[in-house]
Amino acid sequence: MNNDAMNLKREIAGTHMMLEELQLYLNTHPNDRNALAKRNAFVKQMNILNDEYNKNFGMINQDASLSTYPWQWIDGPWPWEYEANFEI
Amino acid sequence: MWSYDKILQYPIKIKTPNPGLATKIISQYGGPDGELAASLRYLSQRFSMVTPEAIATLNDIGTEELAHLEMIGTMVHQLMKNATVEEIESSGAGAYYTDHGRGVYPQAASGTPFTAAFLQVKGDPIVDLTEDLAAEQKARGTYEWLINQTDDPDVLEPLKFLREREVVHYQRFGEALRKVQDYLQEPRLFIMPKPDFLRSNELNR
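Residues numbered from 1 in each chain as written. Chains lettered and ligands numbered in written order. Predicted model: local features only at pLDDT ≥ 70, side-chain atom pairs only at ≥ 80, totals over all residues.

## Examining the overall build of chain A
Here's step 1: The number of helices and strands found in chain A is 2 helices and 0 strands.
Here's step 2: By its C-alpha atoms, chain A is 45 × 30 × 20 Å across when sized along the principal axes.
Here's step 3: In chain A, which comprises 88 residues, the proportion classed as buried is 16%.
Here's step 4: Taking the contacts inside chain A whose residues are at least 6 apart along the sequence as the reference set, 41% of them involve residues at least 24 apart. (Helix = DSSP H or I, 4+ residues; strand = E, 2+ residues; numbered from the N terminus. Buried ≥ 20, exposed ≤ 12 C-beta atoms within 10 Å, placed from the backbone. Contact = placed C-beta atoms within 7 Å.)

Put into structure tokens, the structure is as follows:
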């Protein structure tokens, strides 16, 4: 996978992490307006990043990514492969 | 239901095979305090949980544990993949290789296959959340014993990430437990609510 794809994956993983952390926090603090606003902003960022990945590098979300012909979901590398992962 | 994202929660990129270490890390895949037990525990306990906060907490942490299970499987896969049979034998992974080759099988480091006996669902909100707090601490402890057994930064960084997630989950379960205690109107008692058969005895007296 090329550098652009890896950089985008790095941003996607970071945004996922912010969403995970804010959502778990909001589950036990549902009245925190500030955290909720941050969470919603990260959702918008996530959508933009996922669309950009989908347009340039193929499918990333099983139920949201579009596929060109032929069906791209079966394309590797899968997340558990060395080549699919970026350097920290 | 679930939808799959084709990306790990945290990247795993291990350059140097280490089959001996793989057969220790496998414990967080299918061992007593591993991610499979954690996920099944929370996703099963949520059906009988009370309060919106605690139900969502079990649902979402149970889901995150599946992403951790995938990370652990990835570490075992990459640590085994390019190892020679000689390396496997000399590193002490020969027993695992005999049964599973370079595959990823849910078992403890000691070889015990995964069993649902590693977890409990009591159907009592305080009992279940108390188990969950202990489970997160036991998993944190396991990650620390694993961290003590390697100096490979490619392995250390994801192990440190997973250890930190246990700390966050412990915090969230603690908050959920307090909500449940408030809901059950026994906010100062860190014990089980009195069961119905004891309450009726009081009334009969």
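Okay, back to it.
## Regarding the overall build of chain B
Here's step 1: Across its full length, chain B carries 9 helices and 0 strands.
Here's step 2: For chain B, the sequential pattern of α-helices and β-strands runs α-α-α-α-α-α-α-α-α.
Here's step 3: Projected onto its principal axes, the C-alpha positions of chain B cover 75 × 35 × 30 Å.
Here's step 4: Within chain B, buried positions represent 40% of all 205 residues.
Here's step 5: Look at the contacts in chain B between residues 6 or more apart in sequence, and 78% of them connect residues 24 or more apart.

## A short note on the UniProt feature "binding site: Ca(2+)" (unreviewed entry) in chain B
Here's step 1: As recorded in UniProt, the sites labelled "binding site: Ca(2+)" (unreviewed entry) are Asp-60 of chain B.
Here's step 2: In this structure, Asp-60 of chain B sits in helix α4 (residues 52–81).
Here's step 3: Apart from residues no more than four positions distant in its own chain, Asp-60 of chain B is found in contact with Gln-23, Leu-24 and Asn-27 of chain A. (UniProt positions renumbered as here; feature names shortened; annotations may be inferred.)

## Some remarks on helix α7 (residues 125–147) of chain B
Here's step 1: Relative to the 33 Å expected for 23 residues at 1.5 Å per residue, α7 of chain B spans 33 Å between its end C-alpha atoms, a close match to the ideal helical length.
Here's step 2: Those residues of α7 of chain B hidden inside the fold are in contact with α1 (19–25), α2 (27–30), α3 (35–45), α4 and α8 (153–183) of chain B. (Expected span 1.5 Å × (residues − 1).)

## Observations concerning the nonpolar core
Here's step 1: Among the nonpolar cores identified, the biggest contains 49 residues, and Ala-22, Ile-25, Met-71, Ile-72, Met-75, Val-76 and Leu-79 of chain B are the most heavily contacted of them.
Here's step 2: Those elements giving two or more residues to this core turn out to be α1 (3–28) of chain A together with α1, α3, α4, α7 and α8 of chain B.
Here's step 3: Here this core gets 10 residues from one element, more than from any other, and that element is α4 of chain B.
Here's step 4: Contact partners of Met-71 of chain B, with chain neighbours within four places excluded, come to Leu-8, Gln-9, Tyr-10, Ile-12, Pro-158 and Leu-162 of chain B. (Core = buried A, V, L, I, M, F, W, Y, C linked by C-beta atoms within 7 Å.)

## A short note on unusual backbone geometry
Here's step 1: Going from Tyr-69 of chain A to Pro-70 of chain A, the amide bond is cis rather than trans, its omega being -5°.
Here's step 2: Look at the link from Gly-76 of chain A to Pro-77 of chain A: it is a cis peptide, with omega at -5°.
Here's step 3: Positive phi is not limited to glycine here, since Thr-51 of chain B has a value of about 75°.
Here's step 4: Tracing the backbone shows Thr-51 of chain B in the loop between α3 and α4.
Here's step 5: On the basis of neighbour counts, which here come to 18 C-beta atoms within 10 Å, the residue Thr-51 of chain B falls in the partly exposed class.

## Points about the interface of chain B and chain A
Here's step 1: At the interface, 28 residues of chain B touch 21 residues of chain A.
Here's step 2: Those elements that provide at least two residues to the side of chain B that touches chain A are α4 and α8 of chain B.
Here's step 3: Element by element, the count of residues in the side of chain B that touches chain A is highest for α4 of chain B, at 11 residues.
Here's step 4: Considering only residue class, the side of chain B that touches chain A consists of 10 nonpolar, 7 polar and 11 charged. (Nonpolar A, V, L, I, M, F, W, Y, C, P; charged D, E, K, R; others polar.)

## Details of α8 of chain B
Here's step 1: Taking 1.5 Å of rise per residue, 31 residues should cover 45 Å, and α8 of chain B covers 45 Å from first to last C-alpha, within 8% of that figure.
Here's step 2: With its phi angle positive at about 60°, Gln-185 of chain B sits one or two positions after the end of α8 of chain B.

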